[in-house]
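Spelled out from the first residue to the last, the chains are:
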Amino acid sequence: MNRGYIFIFLATVFFSSMEVALKTVAHDFNPMQLNCTRFLVGGLLLIPFALRGLRQHGARVTAAAWKGFAWLGFVGLVVSMMFYQMSILYAPASVVSVLFSCNPVLVLAFAYLILRADIRPQHITALVMEVAAALIIIGGLGFFVWEDLVRSRCWRKLSLYSKLVLVMTAGLLLFGTV
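The shown structure was predicted, so the numbers you read here are calculated from the model rather than taken from an experiment. (Residues numbered from 1 in each chain as written. Predicted model: local features only at pLDDT ≥ 70, side-chain atom pairs only at ≥ 80, totals over all residues. Heavy atoms only, no water.)

Caption draft 1: Geometry of the overall build of the protein chain. Summing up its helical and strand segments, the protein chain has nine helices and zero strands in all. The helix and strand sequence of the protein chain, counted from the amino end, reads α-α-α-α-α-α-α-α-α. What you see for the protein chain is a C-alpha radius of gyration of 21 Å, clearly larger than the 16 Å of a compact globule of 178 residues, by over 25%. Taken along the three principal axes of its C-alpha coordinates, the protein chain extends 70 × 45 × 35 Å. Taken over 178 residues, the protein chain has a buried fraction of 17%. Within the protein chain, contacts between residues at least 6 apart in sequence are counted, and of these 63% link residues at least 24 apart. For the protein chain, the accessible area works out to roughly 13700 Å², and carbon and sulfur atoms hold 74% of it. (Helix = DSSP H or I, 4+ residues; strand = E, 2+ residues; numbered from the N terminus. Rg over C-alpha atoms; globule rule 2.2 N^0.38 Å. Buried < 20%, exposed > 50% of the residue type's maximum accessible area, 1.4 Å probe, protein only. Contact = heavy atoms within 4.5 Å. Areas by Shrake-Rupley, 256 points an atom, 1.4 Å probe, with all protein chains shown as cover.)

Caption draft 2: Molecular detail of the pattern of salt bridges. Tallied over the entire structure, the rule returns one salt bridge. As a salt-bridge pair, Arg151 and Asp148 come within 2.7 Å of each other at their nearest N and O atoms. Placement of both Arg151 and Asp148 in helix H8 (residues 143-152) is noted, with a separation of three residues, approximately one turn of the helix. (Salt bridge = Lys/Arg side-chain N within 4 Å of Asp/Glu carboxyl O.)

Caption draft 3: Here's a closer look at helix H3 (residues 31-57). When the terminal C-alpha atoms of H3 are compared, their 37 Å separation across 27 residues agrees well with the 39 Å that a helix rising 1.5 Å per residue should span. Largest kink in H3: about 35°, centred on Leu46, with the proline Pro48 one to four residues after it. Where H3 is buried, its residues meet helix H2 (18-25) and helix H4 (63-90). (Expected span 1.5 Å × (residues − 1). Bend = angle between axes of the 7 residues up to and from the residue.)

Caption draft 4: The arrangement of the nonpolar core in detail. By size, the foremost hydrophobic cluster in this structure holds nine residues: Met18, Leu22, Ala26, Leu34, Met81, Tyr84, Ile88, Leu89 and Val96. For this core, the secondary-structure elements that each account for two or more residues are H2 and H4. Take this core: its biggest share by element is four residues, from H4. Aside from chain neighbours lying at most four places away, what touches Val96 is Glu19, Tyr84, Ser87, Ile88 and Ala91. (Core = buried A, V, L, I, M, F, W, Y, C linked by side-chain atoms within 4.5 Å.)

Caption draft 5: Representation of the packing of aromatic side chains. Within the structure shown, the criterion is met by two aromatic pairs. For the pair Trp66 and Phe69, a centre-to-centre distance of 5.9 Å together with 85° between the ring planes defines the contact as edge-to-face. With Trp66 and Phe69 both in helix H4 and three residues apart, this pair spans about one turn of that helix. Of the residues examined, Phe69 reaches a relative accessible area of 47% and is grouped as partly exposed. (Phe/Tyr/Trp six-rings, centres within 6.5 Å; stacked < 30°, edge-to-face > 60°.)

Caption draft 6: Layout of unusual backbone geometry. Even without being a glycine, Arg116 presents a positive backbone phi close to 60°. Inspection of the secondary structure assignment puts Arg116 in the loop between helix H6 (103-115) and helix H7 (121-140). For Arg153, which is not a glycine, the phi torsion comes out positive at approximately 60°. Secondary-structure assignment places Arg153 in the loop between H8 and helix H9 (160-175). The class of Arg153 is exposed, set by a relative accessible area of 73%.

Here it is, written out as structure tokens:
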């Protein structure tokens with residue numbers, strides 16, 4: 001078996017439990033303290049792998065690269081992850097995890113702005129579907145739709161909102177990966 005599959009499986013298991021684990025200690029620790037601790041430990045664990053990779057490829061890190069790393073670290077750790085920690089403090093972990101899973105939307109935008117990566121029509125379609133699915137998961141199939149389904153029990157009697165949410169949900173589930 002490919003080691004890459006094992007690593008991605010382990011990363012997914014540990015990363016999937018992050019919002020729940022952070023929510024349990026969110027009121028005991030300062031969000032910035034949790035952030036810095038998480039990234040310090042992660043960075044220390046990754047340093048040996050990074051140094052080995054640099055040696056294997058005969059690469060050197062220039063001063064300009066260190067400057068870029070510092071900027072990305074500041075934006076990623078201090079700004080981005082601080083907001084993430086604050087969201088865990090004030091919102092349900094399930095909502096935070098769904099919204100956090102939408103980060104490809106911003107990754108594509110930043111890849112275009114910073115790396116000048118191409119944005120294709122299928123990227124835009126996927127992003128629109130992802131945002132729509134997240135909005136439906138977070139609140140679209142809420143109490144209004146369930147109440148309407150229980151009360152009406154017939155497609156013709158459903159409200160326009162319920163019909164729209166149900167059709168969009170079915171469409172995203174059935175055709176979202178095409």
